[in-house]
Amino acid sequence: MTTIKLLLTAALAAMSLSATAQADERDVEWVNVTVLHHAASGSTDRSNTLQQYLLLDNAVAEQHPELNEQLEVFREEYSQKVINQVVPEAEKLLDESLEQLRKVMKEHPELAGQLKEQLKEAEAQRGKLTAEHVKEVGDYTYQPADILKALTAIAINKRAYAAYKDLGNGLYAVLTGTSFGPVDPDAFNKPTIADDQKFTWGVMNRDGHMIIEPKYAEPFGHPDNDFIILRNRQGGKEMEGAKGYDGRQIVPFVYTSISYHPFGLCVSKDGQNYGLVDHANTRQLIPMKYRGVWSNYGGTVKMSRFDGQLDVYDANFKLIRTEPDPN
């Protein structure tokens, strides 16, 4: 019974179209049009389809109420089509479970009395699956390709993206390449990005303008400190740097790794030896000779040494003591 519920729940989840609207100084919304794209393509593979998101201005979208009606009708029809596909799968699994249950009852007659009611209930559910859930549905009332075209026409910069992420301060990281995944990536798993598309992330504002060109791996923003950690390929190597929320260069791309730390940036140039530089990368705070930052408690920073010890620095980054690493 659990299997049936899971399959039907998955079918209903697959009709999801939109992400949550972002609350900021401007009312905009990222809309997941993957299902529309999938339906318009005529594909029957729901497990590996092209992901697509559009950024809409809600004030503009409200001027097109007919789209909301079309989307609602499409959602219902698409969901029913998926359910019609999933029910036979559920019936097959239930048939296998029923056969196993009958086998157990035959091999262990002493359990027949306990399992009889369970078998009877399962057989009744099996008989009602198609009757209760499968409904005939023909062509879409509104063609998904037409709905997708209309949504794209009112999107902020008339372009779909393979993925997006809210970086705060009115900026979004957007994937301009391609990613594939299930019909509803948020309900199942994260879409897959091909290796040759990994470095096609950029940073866009709410007006649809690229603040940072799309040539990086997935960015990580720290809006309170006004910097965005980025990774790109340089001369065959992957290097990290940071830019501000206005797109200006803050940290040059000379590090193999940058991790945010409240006291500065934990950085490495060889992937093995780490130290601390300030957020503006104007001065080195702690030499790059450690395994990494262990912690910062009580106004101190503890750095992990390679010999099982910790070097403890005060708030002015002066080495004050060495102590055993409890880990």
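Everything quoted here is computed from the prediction, not taken from an experiment.

Visitor: Can you help me understand the overall build of the protein chain in this one?
Guide: Secondary structure assignment for the protein chain yields six helices and 21 strands. For 327 residues, the compact-globule estimate of 2.2 N^0.38 gives 20 Å, and the protein chain exceeds it by more than 25% at 27 Å. Counting only C-alpha atoms, the protein chain reaches 75 × 65 × 35 Å along its principal axes. A burial count over the protein chain gives 43% of its 327 residues as buried. Sequence separation of 24 or more characterises 49% of the internal contacts of the protein chain that already satisfy a separation of 6 or more. For the protein chain, the exposed area adds up to about 17,200 Å²; of that, 49% sits on carbon and sulfur atoms. Looking at charge distribution, the protein chain has the averaged site of its 35 positive side-chain charges lying 6 Å from that of its 46 negative ones.

Visitor: I keep staring at the sheet that holds strand 12 (residues 237–243) and nothing clicks. Help me out?
Guide: The strands that make up a sheet are held in pairs by hydrogen bonds between backbone atoms, and each pair lies either parallel or antiparallel. Ordered by their spatial adjacency, four strands build an open sheet running 10-11-12-13, and the pairing between neighbours is antiparallel. Of all strands in the sheet, those with a lone pairing partner are strand 10 (220–222) and strand 13 (249–255), marking the two edges. Averaged over all adjacent pairs, the angle separating strand axes in this sheet is 25 degrees, with direction ignored.

Visitor: Could you clarify how one ought to interpret the packing of aromatic side chains in this entry?
Guide: In this description, an aromatic ring pair is defined by two values, namely the gap between the centres and the angle between the planes. Taken as a whole, this structure holds 10 aromatic pairs when the rule is applied. Ring geometry for phenylalanine 227 and tyrosine 260: centres 5.9 Å apart, planes at 40 degrees, overall tilted. Placement of phenylalanine 227 in strand 11 (residues 227–234) and of tyrosine 260 in strand 14 (residues 257–261) is noted, with a sequence separation of 33 residues between them. Taking 6.3 Å as the distance between ring centres and 85 degrees as the angle between the ring planes, the aromatic pair formed by tyrosine 290 and tyrosine 313 counts as edge-to-face.

Visitor: What is the right way to look at the packing of helix 2 (residues 34–41) against helix 4 (residues 65–107) in this model?
Guide: When two helices pack together, you describe them by how their axes are tilted relative to each other and by the distance separating the axes. Running from N to C, helix 2 and helix 4 point in directions that differ by 65 degrees, and their axes come no closer than 12 Å. The way helix 2 lies across helix 4 gives a crossing that is left-handed. Of the residues in helix 4, those in contact with Val35, Leu36, His38 and Ala39 of helix 2 are Leu71, Phe74 and Tyr78.

Visitor: Please clarify how helix 5 (residues 112–133) should be interpreted in this entry.
Guide: Since the α-helix advances by 3.6 residues per turn, residues separated by three or four positions end up pointing in the same direction. Taking 1.5 Å of rise per residue, the 22 residues of helix 5 would be expected to cover 32 Å, and the 31 Å separating its terminal C-alpha atoms lies within 8% of that figure. Maximum bend of helix 5: about 30 degrees, positioned at glycine 127. Those residues of helix 5 lying buried are Leu115, Leu119, Ala122 and Leu129.

Visitor: Would you mind going over the pairing of strand 20 (residues 309–313) with me for this structure?
Guide: On a regular strand, each side chain points to the face opposite its neighbour's, so the side chains alternate between the two faces of the sheet. Of all the five residues making up strand 20, four are buried; the element is thus mostly covered by neighbouring parts of the structure. Both strand 19 (residues 300–304) and strand 20 contribute to a ladder of four bridges, which runs antiparallel. Following the sheet pairing, serine 304 is matched in strand 20 by leucine 310. Remark: four residues form the turn of the hairpin made by strand 19 and strand 20, two consecutive strands paired antiparallel; glycine 308 in that turn has positive phi of roughly 85 degrees.

Visitor: Where do I start with helix 4 in this structure?
Guide: The terminal C-alpha atoms of helix 4 lie 62 Å apart, and with 43 residues this matches the ideal 63 Å at 1.5 Å per residue to within 8%. Valine 86 marks where helix 4 bends most, by close to 25 degrees; the proline proline 88 follows one to four residues later.

Visitor: I'm lost on unusual backbone geometry in this one. Help?
Guide: For residues that are not glycine, phi is negative in most cases, and the peptide bond is trans in most cases. The phi torsion at lysine 158 lies on the positive side, around 60 degrees, for a residue other than glycine. Secondary-structure assignment places lysine 158 in the loop between helix 6 (144–154) and strand 4 (163–168). The backbone of asparagine 169 sits at a positive phi, close to 55 degrees, despite the residue not being glycine. Checked against the element boundaries, asparagine 169 lands in the loop between strand 4 and strand 5 (171–175).

Visitor: Before we go on, may I ask you to explain the nonpolar core in this structure?
Guide: One recurring pattern in soluble globular proteins is that nonpolar side chains are buried together. Counting residues in hydrophobic clusters, the biggest one holds 21 residues, and the most contacted among them are Val33, Leu36, Leu56, Phe74, Tyr78, Ile147 and Leu151. If you list the elements that add at least two residues to this core, you get helix 2, strand 3 (53–57), helix 4 and helix 6. When residues of this core are assigned to their parent elements, the largest contribution, six residues, is made by helix 4. Not counting residues within four places of it along the chain, the set of residues in contact with leucine 151 comprises Val33, Leu36, Leu54, Leu56, Leu67 and Leu71. Ranked by size, the runner-up nonpolar core spans 15 residues in total, among them Leu175, Ile228, Leu230 and Met239.

Visitor: What is the right way to read the side chain of asparagine 232 from this model?
Guide: Position of asparagine 232 among the secondary structure elements: in strand 11. When neighbours within four sequence positions are excluded, asparagine 232 is seen to be in contact with Phe199, Lys215, Tyr216, Lys237, Glu238, Met239 and Phe253.

Visitor: Just checking my understanding: could you explain the sheet that holds strand 14 for this structure?
Guide: Read from one edge of the open sheet, four strands run 14-15-16-17, paired in antiparallel fashion. The open sheet has two edge strands, strand 14 and strand 17 (284–290), and neither has a second partner. In this sheet, neighbouring strand axes are inclined to one another by 20 degrees on average, regardless of whether the strands run parallel or antiparallel. Summarising the sheet, strand 15 (residues 264–268) and strand 16 (residues 274–277) pair through four bridges and their orientation is antiparallel. Across the sheet, the residue bridging to valine 267 is glycine 275, located in strand 16.

Visitor: I tried to follow the confidence of the model for the protein chain on my own but got confused; where do I start?
Guide: Here the protein chain shows a mean pLDDT of 87. Residues at 70 or above account for 91%. Contacts of residues 1–24 to residues separated by more than four positions or lying in other chains number 60 contacts, the stretch itself having pLDDT below 50.

About the criteria used
Residues numbered from 1 in each chain as written. Predicted model: local features only at pLDDT ≥ 70, side-chain atom pairs only at ≥ 80, totals over all residues. Heavy atoms only, no water. Helix = DSSP H or I, 4+ residues; strand = E, 2+ residues; numbered from the N terminus. Rg over C-alpha atoms; globule rule 2.2 N^0.38 Å. Buried < 20%, exposed > 50% of the residue type's maximum accessible area, 1.4 Å probe, protein only. Contact = heavy atoms within 4.5 Å. Areas by Shrake-Rupley, 256 points an atom, 1.4 Å probe, with all protein chains shown as cover. Lys, Arg positive; Asp, Glu negative; His and termini not counted. Charge placed at Lys NZ, Arg CZ, Asp CG, Glu CD. Pairing = 2+ DSSP bridges. Axes fitted to C-alpha atoms, helices over the stretch in contact; angles between N-to-C directions. Phe/Tyr/Trp six-rings, centres within 6.5 Å; stacked < 30°, edge-to-face > 60°. Left-handed = near helix turned anticlockwise from the far one by under 90°. Expected span 1.5 Å × (residues − 1). Bend = angle between axes of the 7 residues up to and from the residue. Core = buried A, V, L, I, M, F, W, Y, C linked by side-chain atoms within 4.5 Å. pLDDT = per-residue confidence, 0-100.

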